[in-house]
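Each chain, written out:
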Number of protein chains: 2
Amino acid sequence: MAQHIADRRDQDFVLHEMLNLADLSKHERFEDFNKKTIDMVITEARNLAIKEILPTQAEGDEVGCILKDGQVHVPEGFHKPYRLFCEGEWVAMCDDPEYGGQGMPKALAMAAGEMFTGANCSFMMYPGLTHGAGKLVEEFGTDAQKKTYLANLYTGKWGGTMCLTEPEAGSDVGALSTTAVRNDDGTFSITGNKIFISGGDQDLTENIVHPVLARIEGAPAGTKGISLFLVPKYKINEDGTPGEPNNVECTGIEKKMGIHGNTTASLSFGAKGTCIGELLGEENKGMKAMFVMMNEARLGTGMQGFGFATASYINAVNYAKERVQGTDLLKMFDKNPQSVSIIKHPDVRRQLISMKAYVEGMRTLLYYTGLLFDKVNLAEDEKEKARYKGLIELLTPILKAYCTDRSFEVCAQGIQVYGGYGYIREYPQEQLLRDCKITSIYEGTNGIQAMDLLGRKLGMNKGKPFMDLLGEMNKTMAAAKEIETLVPMAEKFETAVNRLGEVAMHMGMTAMSEQVLNAFAAAHPFLDVTGDVVMAWFHLWRAVVAAPKIEKAKKKDVAYYQGQVSTADYFITCQLPTTLGKMNGLTTNYTPVMEMPEAAFIG
Amino acid sequence: MAQHIADRRDQDFVLHEMLNLADLSKHERFEDFNKKTIDMVITEARNLAIKEILPTQAEGDEVGCILKDGQVHVPEGFHKPYRLFCEGEWVAMCDDPEYGGQGMPKALAMAAGEMFTGANCSFMMYPGLTHGAGKLVEEFGTDAQKKTYLANLYTGKWGGTMCLTEPEAGSDVGALSTTAVRNDDGTFSITGNKIFISGGDQDLTENIVHPVLARIEGAPAGTKGISLFLVPKYKINEDGTPGEPNNVECTGIEKKMGIHGNTTASLSFGAKGTCIGELLGEENKGMKAMFVMMNEARLGTGMQGFGFATASYINAVNYAKERVQGTDLLKMFDKNPQSVSIIKHPDVRRQLISMKAYVEGMRTLLYYTGLLFDKVNLAEDEKEKARYKGLIELLTPILKAYCTDRSFEVCAQGIQVYGGYGYIREYPQEQLLRDCKITSIYEGTNGIQAMDLLGRKLGMNKGKPFMDLLGEMNKTMAAAKEIETLVPMAEKFETAVNRLGEVAMHMGMTAMSEQVLNAFAAAHPFLDVTGDVVMAWFHLWRAVVAAPKIEKAKKKDVAYYQGQVSTADYFITCQLPTTLGKMNGLTTNYTPVMEMPEAAFIG
C-alpha cells in the first residue's frame, strides 16, 4: 500500500526506535502489547483509515450535515465506516475492556489516532467526543450511571458530546446561564441553550448523551456554582434502551469554513417540555469534572491539527515527486534542458523539509505524551507518578496550541507545493487547511493555552515540571555529545535550552510582578519558543538514534536514517536561530502592546 | 460613516503626512490633484466600495459563478456595481484620459484600490485584469489596435484576461503548446487550451479580449519562441462592434477554496472552428510583452492580499471593541469582576497590534511603490528615472510575496480574534482567509518571487537598487536620531539594516558560487527578512512623522499619533529580534535542505 495520510516508517521509528514501546509489555497491564501486536494494531488502523474512512473525507466536506425536521443527518457515507469503527473496538482504545475498551497503551492509540484523524477528522469527532463523555462517566459516575451509560458510550452504540459554550459565554464558561432545578426523584430539570456543540445531533447512534454544564438554582455565581449533568437525547427505559424524547432540541447547525462532516449544533434544553438530567459527580464541582474531559479534548485537538498536517505533508511529497515542471536550476542555461519533478527545486524542497520537520517533531510530541500517560499508569511510586503527571500537565497547552498553530502553517505550505492545484477543490489540500483552522480555536483558544502555560503550568509545583522537561532535554544533549557528528548540533541545542531557561525565568518573574499584563501579552510567543525548543529536542533525539545506524542499515533504511540527521540539522541549524531571536524579543517585555492607547487601533 | 474595510485616518497619514502626495500637483501632469481632489477621490472610492461593492462580497462567495450552455454568469449582484464602477471611470485610474483614463497619481490609485479590493476582490479582478489587458495594448499595440481595443478596455465596456497557463505548463510558461498559424490576411489561427484563466468568461461585458501566449509554427522552443496575440471572444465588425463568436470556448470553471465570485475558466481556442488572433507586438517577443502585464499583476496581487488583511484587521478591531467576554486579568480575583471587551485581554491586544503593524507597514509599502511610479513619470533626467525604476523592480517581488504571505497570516489572526464566530460563514473573516490564499500562488508563486529577488533583483545593476534602498533607510534612521525619544528605536533599526546588508552580500555571493542551490533554498526566508526590515523602516518613518506632532495635535489625533509610535516600538523592539535571528539562520546556508536524500522525504 502506498504511503497515505501518514509515514508508516516514521511512526515505527518513534514507537520502536525512540520510545521502545514494546518494553511496556513487560508489565502485566500491557502484557498483550508486544511488538508484533503493536504493529498489527497500527496496520489494522491504517487499513480501516485508508480503505474505509479516507474515501468519505471529500463527501463529508461536499455534502455536510443536514438538519431536517429537528434531526441531523450526517453524510451517508459515514454510516458504514462508523459501524466498522465500532466493530473494531476503536472508540475506547486505552480503556477498561470490561466496558468495551481495548486497554492498549496510549502511545499506541496516538499512532492509530493519527491514521484515523488524518483520514477524516470530521468523522472521527463523533467517536472522539463519545469517548470523552464516557471518560467523564468512568471518572465521576455512580455505579448505576456506569452501568447505564459506559459500555454504550465506549462501544459507540450511543454518541456523546460536551456542552459548555453558550451564546454569551464562550471562553468565559463561568458566565453560563443554563439552569438545573431539582426534582423530587433526585433528577434535575434542565433549561437553557448551548451553541457550537460538535456532534450535537446525528443519526449514527440510537441515543446521544450530553454532558451539560448548568447552574443549580441558588448556586454561587461564576465557575464555583457550576454542576455537571448527563442529559440523554432520549430518556432511558428501565431496561436500558432509549425511550421517549427528552426535549433536547437541535435548533440549528452552523455553516462553517470546514469540518462540514461534523455537526456544529445549537441545542435547546427543556424549551418545549421537561428535559431531565442526572447530576454527574458532586454539586458545584462541574468545572473540575469538565476539566478531565477538556484536558483529553485538548490532546485530541492537538492530534487533530497534527492529523491534517501529516496528511497534507504526505500529499505534498507525493505530488512534488510526481509533478514534472521547470528545469533544474543548475541546467537552466542548457540548450534544451529537461523538465524535472518539482521536488528538485530548492524552494519546494525547503518547504517540504520544513513540513517534514514540524510533522515529525509533532508526531514525537504526541506519542511521547501518550507514553507519559502509560508511565503514570505503570509508575511504582507517587513521586514518579507525580513527575510524569507534571510533564503531561506542562506539555498539554504546548501540544494543543503549538501543534495546531504549526499544523495550520504546514497545511498552508501543503497548498503552496501544489501551486494552483492546491487551491481547487478537486485536490485534498485546501480542505485540510479549512478543516484545520478550527483547531486553534476550540477546546480553549490557543491564546488561552498560552495563558495556561505561563500562568499555571510554568510555575506549578515551584517550576518542577519545567525543570524536569529541561532535564530530559539535557539527557538527550549529553547523548548527542557522545556522537562525534552530532556535537555541533548538540552545542547549538544547548545554547537554546539554556536560553529557554533564562527566558522562562524572566517570563515567570514578570508574570508575578506589576508588569503582569506585559507578561501575558507575550504569553503566546513564549509558548511558541518553548514548543520550538521541544521540537529541537525531539529532532536531536531522533538524530541520536538514527546517526549510529546509518552505516549498518539495510539499504532501504539508509536514506531514512540520513534524513533523520538532515532534518535535525535543518531544524537546529536553520530554524532554531529564529527561535533565539524571538526569545530576545520576549525579554523586552512586549511593553508597547498594552501601552498603546486603545483608541489608536483605528485612527 | 464608521470605519469599514480600511482605516481612513491611516490612509490620509500615509498620503499626506508621509508621502506629501499633494506636492505632485506642482507638476503639470498632476496639476489637478491637489489635496482637496485627492481627498475627494478617496471619499468617492470609499463610498462606492462600502455602499455598492462590499454588500456583494458574501453573495459572490455563496452563489459563485455559474457556467451554463458555454456562458459564465457572474453573481447577479455584481452587475450594478460593475456599471457604477465603469461610470465612475475607475478602470483606468492612472491612464491617459484620451482613452478613458483618469490620469491620477498611482499612489492615489493605490489608496482607492485598497478600498475596492478590500470590499470584494473577486469583483475587482474583472476590471483589474481588463486594465492589464488594456495596458498591453497601450504599450505594444499598433494605432489600429489601440483604436479598436483600448478605450473599450479602459472604460470597462469590454473585459480583458491574461492567458498564460496551460495544463502541463504552469509556472514554466516556456513549455506551453498553444499554436498560432499565419493566415494570408496577416491574422493568425490560434489552437490550444488554457487553464486557470481569471475572468476567462463572464456576462458583465459585451466582449472579452484575451491576450494569449502561443507559439507560431516553426518558432524556437522555450520562452524564446513565444508570441502574444489578442483574441477576442467575439470577432470585431468593421464598425468596431462585437460580431460573430470567435470559437473561444469556456470548457469548464474551477471549484475553488475562495474567490468564488471570479470565474476561473478553462478556455479552448479553435477546437470547434477557426479562432482568429492578432499579433500584439513583435513575433517571439511575447514573454517580454507579457512581463509588462505580469509586473502590473504582481503589484495588483500584493494589493489584493493587503486588501484582505486590511478588511480583516478592521473587522477584528471593531469586533474586539464590541465583544464583551471574560474579566480584566488584574481583577480576576475580585469577588464579582465585571466582564470587559476582549480588546482588554493582553493576548487579543497583541494579535491586534501585530495585525496593525503589518497592515500599516504594507499600506506604506504599496502607496510608496505607487509614488515611485509617479516619480518615474516626473523624473527630470534618465539617472533619476533609472533610480526610481530600480527601486520598483527591487520592491516588486517583495511587495507581491511579502504582502500576500503576511496578509494570509493577518487574516488567520482575524479569525482567531473572533473565536468560534471567526470560523462560521455568518461572519466575513473566514471568507477573507479563503479568498486570500490564492494570492501567494498566482501571478508567480511566492517561491518564484523569492527567486526573482535573489537571482535577478539583488544583483541587478551591480546591486545599485539594493544599495539605494538601504540608503533610503539610512535617511530615515538619521532623521529618527534627531528625535530624542526615537533614538533607541533608531539604533535597533540600524543594527537590522547593517545586518541585512551583510546577509544580502552573503546571499548574493552564495548564489553566484557552486553553492547556488543552497542559496536558492534560502531565497524565500531571505525575502521575508528583507520585507521585515522594509516594514521596520516604514514604521520608524511613521514614528519620525508622528512623534513631534503628539504634543500639539488636536485631541482626536493624539491617540492616533501615539499609536504610530507604539506600533513602531512594537515592531522594532518586539518583532525585529526574530528577524535578526532568522538572518543568523540564513548565513548557515540552509545546507541540509539540498543535502537530504530525496528518498528520505517518505520513509
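Residues numbered from 1 in each chain as written. Chains lettered and ligands numbered in written order. Predicted model: local features only at pLDDT ≥ 70, side-chain atom pairs only at ≥ 80, totals over all residues.

## Quick look at the overall build of chain A
For the record, the criterion: Helix and strand labels come from DSSP, where a helix needs a run of H or I of at least four residues and a strand needs a run of E of at least two; each type is numbered from the N terminus. For every residue pair, C-beta atoms are placed from the backbone, and the pair is scored as a contact if these atoms sit within 7 Å.
When its secondary structure is counted, chain A shows 18 helices and 14 strands. Its C-alpha atoms put chain A at 85 × 65 × 55 Å along the principal axes. Partitioning the contacts of chain A with sequence separation of at least 6, the portion at a separation of at least 24 is 75%.

## Looking at helix α7 (residues 143-154) of chain A
Keep this limit in mind: Between the first and last residue of a helix there are one fewer steps than residues, each counted as 1.5 Å, and that sum is the expected span.
Under the 1.5 Å per step criterion, the end-to-end length of α7(A) is 16 Å for 12 residues, consistent within 8% with the ideal 16 Å. Contact partners of the buried residues in α7(A): α6 (121-140), β3 (159-160), β6 (208-216), β7 (226-232) and β8 (234-236) of chain A.

## Topic: the nonpolar core
Applied cut-off: Any nonpolar core is a set of buried residues, restricted to Ala, Val, Leu, Ile, Met, Phe, Trp, Tyr and Cys, that join up through C-beta atoms within 7 Å. Exposure is read from a count of other C-beta atoms within 10 Å of each residue's own; the residue is exposed at 12 or fewer, buried at 20 or more and partly exposed in between. C-beta atoms are placed from the backbone.
In terms of nonpolar packing, the biggest core is built from 407 residues, with A:Phe229, A:Leu454, A:Leu540, B:Phe229, B:Leu454 and B:Leu540 touching the most fellow members. Look past the residues within four positions of B:Leu454 in its chain and what remains in contact with it is B:Met507, B:Ala511, B:Ala519, B:Phe520, B:Ala523 and B:Phe526.

## Points about the interface of chain A and chain B
The condition is simple: Three classes are used: nonpolar for Ala, Val, Leu, Ile, Met, Phe, Trp, Tyr, Cys and Pro, charged for Asp, Glu, Lys and Arg, and polar for all others, with Gly counted as polar.
Each side of the interface is counted separately: chain A has 90 residues, and chain B has 90 residues. The element best represented in the side of chain A that touches chain B is helix α17 (residues 555-586) of chain A, accounting for 19 residues. In the side of chain A that touches chain B, the residues fall into 44 nonpolar, 28 polar and 18 charged.

## Quick notes on the domain arrangement of chain A
In plain terms, the rule: How far each domain reaches was decided by an automatic or database domain assignment.
When the domains of chain A are assigned, the result is domain 1 (8-65 + 75-154), domain 2 (160-288) and domain 3 (461-595). Measuring from the centre of the C-alpha atoms in domain 2 of chain A to the corresponding centre in domain 3 of chain A gives 42 Å.

## Some details on the confidence of the model for chain A
Caution is warranted with low-pLDDT regions, since their predicted coordinates should not be read in detail. We apply this condition: As a per-residue quantity, pLDDT reports the predictor's confidence and falls between 0 and 100.
Per-residue confidence for chain A averages 96 on the pLDDT scale, and 99% of its residues sit at or above 70. Here the prediction assigns the complex a pTM of 0.97, and the interface score ipTM is 0.96.

## Focus on the pairing of strand β9 (residues 242-245) of chain A
Residues in a regular strand project their side chains so that they alternate between the two faces of the sheet. Residues and elements named next belong to chain A. Note the threshold: For two strands to pair, DSSP has to find at least two bridges joining them.
Here 2 bridges tie β8 to β9, and the two strands are oriented antiparallel to one another. Residue isoleucine 236 lies in a different strand from β9, and its bridge partner there is proline 242. Between β8 and β9, which pair antiparallel one after the other, the connecting turn spans 5 residues, and glycine 240 there sits at a positive phi close to 90 degrees.

## As for the environment of A:Glu31
All names here are of chain A. Turning to its location among the elements, glutamate 31 is positioned in the loop between α1 (8-18) and α2 (35-53). Here glutamate 31 falls in the exposed class, since 11 other C-beta atoms lie within 10 Å of it. Separated by 73 residues in sequence, glutamate 31 and methionine 104 place their C-alpha atoms 9.7 Å apart.

## Concerning the environment of A:Gly273
All names here are of chain A. Its place among the elements puts glycine 273 in the loop between β11 (264-269) and β12 (276-279). What makes glycine 273 exposed here is the crowd of 11 C-beta atoms within 10 Å. Glycine 273 sits 25 residues away from valine 248 along the chain, and the two C-alpha atoms are 9.2 Å apart.

## A short note on the environment of A:Gly277
Residue and element names in this part refer to chain A. Position of glycine 277 among the secondary structure elements: in strand β12. With 87 residues separating them in the primary sequence, glycine 277 and isoleucine 190 have C-alpha atoms 6.4 Å apart. The contact partners of glycine 277, leaving out residues within four places of it in the chain, are Ala180, Thr187, Phe188, Ile190, Val212, Phe229, Leu230 and Val231.

## Looking at the relation of the copies chain A and chain B
Applicable threshold: What sets the superposition is a least-squares fit of C-alpha atoms, and only residues with pLDDT of at least 70 in both copies go into it.
The two copies are related by a screw motion: chain A maps onto chain B through a turn of 180 degrees and a shift of 0.0 Å along the axis, at an RMSD of 0.0 Å. Both copies are brought into coincidence by an operation consistent with a two-fold rotation axis. Looking at the rotation axis and the C-alpha trace of chain A, the residue lying nearest is A:Gly581, at 2.0 Å. When you check the interface residues of chain A against chain B, 100% turn up at the interface there too, and the contact is symmetric in its surfaces.

## Considering the pairing of strand β4 (residues 179-182) of chain A
All names here are of chain A. Summarising the sheet, β4 and strand β5 (residues 188-198) pair through 4 bridges and their orientation is antiparallel. Paired with arginine 182 across the strands is phenylalanine 188, a residue of β5. Connecting β4 to the antiparallel partner β5 that follows it, the hairpin turn spans 5 residues, and glycine 186 within it adopts a positive phi of roughly 90 degrees. Here 2 bridges tie β4 to β6, and the two strands are oriented parallel to one another. In the sheet register, alanine 180 faces β6, and the bridge partner there is isoleucine 216.

## Regarding unusual backbone geometry
Backbone phi values are negative for most residues with the exception of glycine, while trans is the configuration of most peptide bonds. Backbone geometry at A:Asn461 places phi at a positive 55 degrees, although glycine is not the residue there. Looking at where A:Asn461 falls in the secondary structure, it is placed in the loop between α12 (446-457) and α13 (464-481). Phi angles above zero are rare outside glycine, and B:Asn20 is one such case at about 45 degrees. Relative to the assigned elements, B:Asn20 resides in the loop between α1 (8-18) and α2 (35-53). A residue is classified by how many C-beta atoms lie within 10 Å of it, and B:Asn20, with 11 of them, is exposed.

## Let's talk about the packing of helix α5 (residues 106-119) of chain A against helix α9 (residues 346-378) of chain A
Under the convention used in this document: Inter-axis angles, ranging from 0 to 180 degrees, are taken between N-to-C directions of lines fitted to C-alpha atoms, where helices are fitted over the stretch in contact.
It is the contact of α5(A) with α9(A), at a shortest axis distance of 6 Å, that shows an interaxial angle of 150 degrees. Residue-level contacts link A:Lys106, A:Ala107, A:Ala109, A:Met110 and A:Ala111 of α5(A) to A:Leu366, A:Tyr367, A:Gly370, A:Leu371, A:Phe373 and A:Asp374 of α9(A).

## Remarks on the packing of helix α10 (residues 382-418) of chain A against helix α16 (residues 523-546) of chain A
Residue and element names in this part refer to chain A. The criterion, for reference: Should an angle lie under 35 degrees it is considered roughly parallel, over 145 roughly antiparallel, and from 65 to 115 roughly perpendicular; all remaining angles are considered oblique.
Running from N to C, α10 and α16 point in directions that differ by 95 degrees, and their axes come no closer than 10 Å. Relative to α16, α10 is oriented roughly perpendicular. Every residue of α16 that contacts α10 at Pro397, Ile398, Ala401 and Tyr402 is listed here: Leu527, Asp528, Thr530, Gly531 and Val534.

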